[in-house]
Amino acid sequence: MGDTLKIVVLVKHVPDAQFDRHIGPERTLDRSESILSELDEYALEAALQLTDARGGDKGGNEVIALTMGGPDAANALKKALQIGASSGVHLSDEALAGSDAWATSLALAAAIRSLGEVDLVITGMASTDGETSLVPAQLAEHLGLPQLTFASSLEVSGRTVAIQRDGEGVTETVEAELPALVSVTDQANEPRYPNFKGILAAKKKKIATLSLAEVGLDAGQVGAAGSLTAVESAKPRPPRAAGTIITDEGDAGVKLVDFLAAQKLI
Amino acid sequence: MTEANVLVVLDGVGESLKKSQLELLSAGRLLGTVSVAATAPVGEAVLAQLRENGAAAAYVPDGADLSEYLVGPTAAWLAEVVSASEAQGRPVRAVLLDNSPTGRETAARLGVRLGAGVITDVVGLEPDGTAHKSVLAGSYEDRARATSPVSILTLKANLDLGSPAAPAPGSAAVTPVAVPADALTRSARVTGRAAKVSSGRPDLTEARVVVAGGRGTDGDFGPVEELADALGGAVGASRAAADAGWVSHDLQVGQTGKTVSPQLYISAGISGAVQQKAGMQTAKVIVAVNSDPESPVFEIADFGVVGDLFEVLPQATAEIKRRRG
């Protein structure tokens, strides 16, 4: 292949973090009021910038948005198509419900393999619901890919991808040969919004729905059955008891220190 | 778990062990007999410290400098260490790592290699391996377990271990374990490193005290930094403050930044919208200073001051210094 890129971007339909979120009686997340995960928009933007620079879809590039989950998960794909993804893939099967990071990454890896050769897999830095940050690394391990995570910028030249990342006290440049997996932070770019043209164009784009069997997995490998971790209980943190609130009358700094001293914090 | 063998992974070991690394060792002792996998060679002083803290073995990488690569080769090497430990009659039942991004990703890849369940964001641990895990940005707490024969846990700093037993000294000797060559071929390589200017303050993620500033600072973090220094704490910031360019994004606490669990979190000029509260929920004590009495942050503050942070913080800083004489 020449200078074209085939990129898979992971997108996820997650509860809106602007509101309080809840865990239901089945110890899974209440997914009403869900949106395309904010952090995935940076991943999608990164993919679109790379392909735009190479002539976009017309130049032979592809940005495939991939999600897994129930019927509602398709909403994340629709949004991704409106923003500019070339096509969508929805891995959907009832057996997937309750998958932990292990089972999720196994299923996503199988779905990506079913798409043929891919140059790049791009993800957000974490989902804003599970927040484990495990899936990108586990996906990379399942697919045997180098991972370049927490990129604050990335570029592809020839068959090499290079990123910048901020570590504790250090900024690193990291390189790998394609194919590779990259996760981007919210510093990587300014995500674009879908415009009218994009919304119209999205109606003509395809969303392929894949079953577990179509990606070569059976029900026992995913969901609660295939997971390697189990949540035994989930409870809201006890609400923090309302503390003492004072209005500054010129001595609040001293009262604050009194409080710290009483709590043995100084 | 009855005296399981626990592998504690120590990354970035310097001249001596950090508090967070000693905490990982304590956590390991809670679960069983501790061996250590250090991702770089360790000096005599550290080896002595490991023995004092009960380590029965210390594995180091042989044949490659893991710090030149991101995550993949370290995970591959750790899988070799687990095999080596088993060959020496110490089958590993749990692997403990720190909860940094690197720790979590190493855990993730090792989990795939070992077929082991991974639990991140662990804030408390029971002797039978049950983990207490903070989820939804600290608004929920789960009790979770790995159902696989080996469990991998990444532990947050300042975690709750109940009252751990004092260590019986171990007799760890250094055992080099080869880094598998094929793990290096398809890996991401670090080609450049630039050190940032050091603040001299403790790391945000492991600090006992965090003083965080938000929009209300109007870009002047002076009072926040001075109070942090008086308390020996780290400086944090809301996303708004980081996005405004007032401080580096490294200092960002919250939904898309770092979650911290210090003993004391002082929030100054941060309104406390849901995503901002996220970063501070697991702090033991929260103090808030904000000029707006309607700020949601006051709903979760143990002690709140409705006032001007430019008045309150310097007065508190001066008072702390005065009391210390």
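Residues numbered from 1 in each chain as written. Chains lettered and ligands numbered in written order. Predicted model: local features only at pLDDT ≥ 70, side-chain atom pairs only at ≥ 80, totals over all residues. Heavy atoms only, no water.

Q: Explain the overall build of chain B here, please?
A: Within chain B, the regular secondary structure consists of 10 helices and 15 strands. Taken over C-alpha atoms, the radius of gyration comes to 21 Å for chain B, in line with the 20 Å a tight globule of 325 residues would show. Principal-axis analysis of the C-alpha atoms places the extent of chain B at approximately 65 × 45 × 40 Å. Here chain B, with 325 residues, has 59% of them falling under the buried criterion. (Helix = DSSP H or I, 4+ residues; strand = E, 2+ residues; numbered from the N terminus. Rg over C-alpha atoms; globule rule 2.2 N^0.38 Å. Buried < 20%, exposed > 50% of the residue type's maximum accessible area, 1.4 Å probe, protein only.)

Q: Got a minute to help me understand the packing of aromatic side chains in this structure?
A: Note on aromatic pairs: each is described by the distance of the centres and the angle between the planes. Per the counting criterion, the structure on display carries one aromatic pair over all chains. With centroids separated by 4.8 Å and ring planes inclined at 15°, the aromatic side chains of A:Phe259 and B:Phe303 adopt a geometry described as stacked. Here B:Phe303 lies in strand β15 (residues 303–306) and A:Phe259 lies in helix α7 (residues 252–262), a pairing that spans two chains. Given a relative accessible area of 13%, A:Phe259 falls into the buried group. (Phe/Tyr/Trp six-rings, centres within 6.5 Å; stacked < 30°, edge-to-face > 60°.)

Q: Before we go on, may I ask you to explain the nonpolar core in this structure?
A: Soluble globular proteins tend to pack their nonpolar side chains together in the buried interior. The biggest cluster of nonpolar side chains holds 61 residues, and the ones touching the most others in it are B:Trp77 and B:Val95. Considering every element that reaches this core, the biggest residue donor is helix α3 (residues 101–113) of chain A, with 10 residues. With 42 residues, the next largest nonpolar core counts A:Leu39, A:Leu81, A:Ala176 and A:Ala180 among its residues. (Core = buried A, V, L, I, M, F, W, Y, C linked by side-chain atoms within 4.5 Å.)

Q: What is the right way to read the domain arrangement of chain B from this model?
A: Frequently, the measure chosen for interface size is the accessible area removed from exposure when the parts meet. Segmenting chain B into domains produces domain 1 (4–185) and domain 2 (209–324). Placing a centre on the C-alpha atoms of domain 1 of chain B and another on those of domain 2 of chain B gives a separation of 32 Å. (Domains from an automatic or database assignment.)

Q: I would appreciate a short explanation of the pattern of salt bridges in the present structure.
A: When the charged atoms of two side chains with opposite charge come close together, those side chains can pair. All names here are of chain B. Taken as a whole, this structure holds 23 salt bridges over all chains when the rule is applied. Of the charged contacts, one joins Glu-68 and Arg-189 as a salt bridge, the two residues approaching to 3.3 Å between their closest N and O atoms. Linking Glu-68 in the loop between β3 (57–62) and α3 (72–87) with Arg-189 in strand β10 (residues 189–195), this pair joins segments that are 121 residues apart in sequence. For Glu-126, the salt bridge is made with Arg-143, and the minimal N-O distance between the two is 3.8 Å. Note that Glu-126 is positioned in the loop between β5 (117–125) and β6 (131–135) and Arg-143 in strand β7 (residues 140–146), a separation of 17 residues in sequence. (Salt bridge = Lys/Arg side-chain N within 4 Å of Asp/Glu carboxyl O.)

Q: Whenever I open this one, the interface of chain B and chain A confuses me. Can you help?
A: Chain B puts 86 residues into the contact, and the matching count from chain A is 83 residues. Our count for the contact surface shared by chain B and chain A stands at eight salt bridges. A salt bridge links A:Glu141 to B:Arg109; the nearest nitrogen and oxygen atoms lie 2.6 Å apart. Our count for the chain B to chain A interface comes out at 32 residue pairs in polar contact (both at pLDDT 80 or more). Tallied by class, the residues present in the side of chain B that touches chain A amount to 36 nonpolar, 24 polar and 26 charged. Pairing of strand β9 (residues 170–177) of chain A with β10(B) involves six bridges; the strand directions are antiparallel. Residue pairing for β10(B): A:Glu172 is matched across the bridge by B:Arg193. (Contact = heavy atoms within 4.5 Å. Polar contact = N/O pair within 3.5 Å; in protein donor to acceptor, adjacent residues only side chain to side chain. Nonpolar A, V, L, I, M, F, W, Y, C, P; charged D, E, K, R; others polar. Pairing = 2+ DSSP bridges.)

Q: Would you mind showing me how to read the sheet that holds strand β14 (residues 285–290) of chain B here?
A: Two strands in a sheet stick together by hydrogen bonds in their backbones, pointing the same way (parallel) or opposite ways (antiparallel). Taken in spatial order, the six strands line up as β13(A)-β15(B)-β14(B)-β13(B)-β11(B)-β12(B) in an open sheet, and their pairing is parallel. The sheet terminates laterally at β13 (244–247) of chain A together with β12 (234–237) of chain B, the two strands that pair on one side only. Taking the axes of each pair of neighbouring strands and ignoring which way they run, one obtains an average angle of 15° across the sheet. Note that β13(A) and β15(B) share four bridges and pair parallel. Among the inter-strand pairings, A:Ile245 is bridged to a residue of β15(B), identified as B:Gly304. Against the sheet, helix α6 (residues 222–230) of chain B makes contact with β11 (209–213), β12 and β13 (264–268) of chain B, and its axis sits at roughly 175° relative to β11(B), the strand it touches most. (Axes fitted to C-alpha atoms, helices over the stretch in contact; angles between N-to-C directions.)

Q: Help me out: how do you make sense of the packing of helix α4 (residues 134–143) of chain A against helix α4 (residues 101–114) of chain B in this one?
A: The description of two packed helices rests on the angle between their axes and on the distance between the axes. At a minimum axis distance of 8 Å, the contact between α4(A) and α4(B) shows a crossing angle of 40°. As summarised for this structure, α4(A) and α4(B) are arranged oblique, according to the angle between their axes. The crossing of α4(A) and α4(B) is right-handed. For the pair formed by α4(A) and α4(B), the contact residues are A:Leu134, A:Ala137, A:Gln138, A:Ala140, A:Glu141 and A:His142 on the first element and B:Arg104, B:Glu105, B:Ala108, B:Arg109, B:Gly111, B:Val112 and B:Arg113 on the second. When grouped by side-chain class, the residues that make up the contact of α4(A) with α4(B) number five nonpolar, three polar and five charged. (Parallel < 35°, antiparallel > 145°, perpendicular 65-115°, else oblique. Left-handed = near helix turned anticlockwise from the far one by under 90°.)

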